[in-house]
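# Analysis of the macromolecular model
The chain contents come next:
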Amino acid sequence: MSSLNILIMGVAGSGKGTMSKLIEERFNIPHISTGDMFRKAMAQRTKLGVLAEEYINKGLLVPDDITIAMIKERLSQDDCQEGYLLDGFPRTLPQAKAFEEIANETGRPIKIVINLEIELSALAPRIVNRRLCKNCGAIYNTVTMPSKVEGICDRCQHPLVHRSDDTIEGLNVRIGEHQKLTAPVLDYFLKEGLVIKVDAGRPVEEVWFDIKKALENLNDHD
Ligand code: AMP
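Attention in this report is confined to the structure presented alongside it. (Residues numbered from 1 in each chain as written. Predicted model: local features only at pLDDT ≥ 70, side-chain atom pairs only at ≥ 80, totals over all residues. Heavy atoms only, no water.)

### Describing the overall build of the protein chain
Assigned secondary structure in the protein chain consists of 8 helices and 8 strands. Its C-alpha atoms give the protein chain principal-axis dimensions of about 45 × 40 × 35 Å. Roughly 11300 Å² of accessible area belongs to the protein chain as shown, and the carbon and sulfur atoms make up 53% of that amount. Charged side chains in the protein chain number 28 positive and 32 negative. The centres of these two groups are separated by 3 Å. (Helix = DSSP H or I, 4+ residues; strand = E, 2+ residues; numbered from the N terminus. Areas by Shrake-Rupley, 256 points an atom, 1.4 Å probe, with all protein chains shown as cover. Lys, Arg positive; Asp, Glu negative; His and termini not counted. Charge placed at Lys NZ, Arg CZ, Asp CG, Glu CD.)

Below, the structure written as structure tokens:
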């Protein structure tokens, strides 16, 4: 079986984080989220974190050179040898081109791109009600998927937080960034024939069913 190297794409609130957790558990590959990496750096107040925060809190993308350097280092680590799941990267064409170079250099080319498709009108309630466990990364929704005890993670009992960029204003900027800068990345991978499109407006179990099936088929045909 060759390595399961996956990209997951979709606008903010399309469910990338939720699906990534499920893929990570089922296929036992590291979930690499540039958003999570930036948030960790922000919490630790590192130089990278302080710099990234300025962009993230406005809903803007962090500059390419910083993001590419961070991912290059991460993809070279040993745990990516058997496969990896990239969530939220690449998000611009220069990132996509740099990524292909890195993937070829490290002998870890991409096998499939999962694109989560959703109506923009469905995003606001998902974003405003989203809660995140800072410790284990579990994602909740106060209305559709609440934790058993309000504000506490079911899995690890740590407090849940509301992301500083999960506001209506932030969402609108992120949608604009997605349409302007990330849509061309999808076209790029579509031309390479790597993309599967998934209707992400459905309940979690249904979206997961389709993704799991597609990834299992891919594994079976190796
Ligand atoms: P996410 O957790 O994927 O929603 O990302 C949160 C924020 O982190 C984004 O709105 C961007 O500000 C920043 N970010 C995450 N990934 C990237 C990327 N590949 N390029 C630039 N900025 C990013």
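### Description of the environment of L93
Mapped onto the secondary structure, L93 falls in helix α5 (residues 93–105). Residue class for L93 comes out partly exposed when judged on its relative accessible area of 29%. For L93 and I68, which are 25 residues apart along the polypeptide, the C-alpha to C-alpha distance reads 12 Å. Sequence-distant contacts of L93, defined by excluding residues within four places in its chain, comprise L181, P184, V185 and Y188. (Buried < 20%, exposed > 50% of the residue type's maximum accessible area, 1.4 Å probe, protein only. Contact = heavy atoms within 4.5 Å.)

### Observations regarding the packing of aromatic side chains
Overall, the coordinates contain 2 aromatic pairs when judged by the stated rule. Centroid distance F89 to F99: 6.2 Å. Interplanar angle 80°. Geometry classified as edge-to-face. Taken together, the residues span a long stretch of sequence, with F89 in the loop between β3 (83–87) and α5 and F99 in helix α5 at a distance of 10 residues. Here the two residues F89 and F99 agree in accessibility, since each one is buried. Plain terms: the ring middles of Y188 and F189 are 5.4 Å apart, the flat faces sit at 75° to each other, and that makes the pair edge-to-face. Neither Y188 nor F189 differs from the other in exposure class; each is buried. When the ring centre of F27 is taken as origin, the NZ or CZ atom of R26, which lies over that ring, is 4.5 Å away. (Phe/Tyr/Trp six-rings, centres within 6.5 Å; stacked < 30°, edge-to-face > 60°. Lys NZ or Arg CZ within 6 Å of the ring centre and 35° of its normal.)

### Observations regarding helix α4 (residues 64–75)
Between its first and last C-alpha atoms α4 spans 16 Å; for 12 residues at 1.5 Å apiece the expected length is 16 Å, and the two agree. By the burial criterion, the buried members of α4 are I66, T67, I68, M70, I71, R74 and L75. Structurally, α4 contributes buried residues whose contacts are with β2 (31–33), α2 (34–43), α3 (47–56), β3 and α5. (Expected span 1.5 Å × (residues − 1).)

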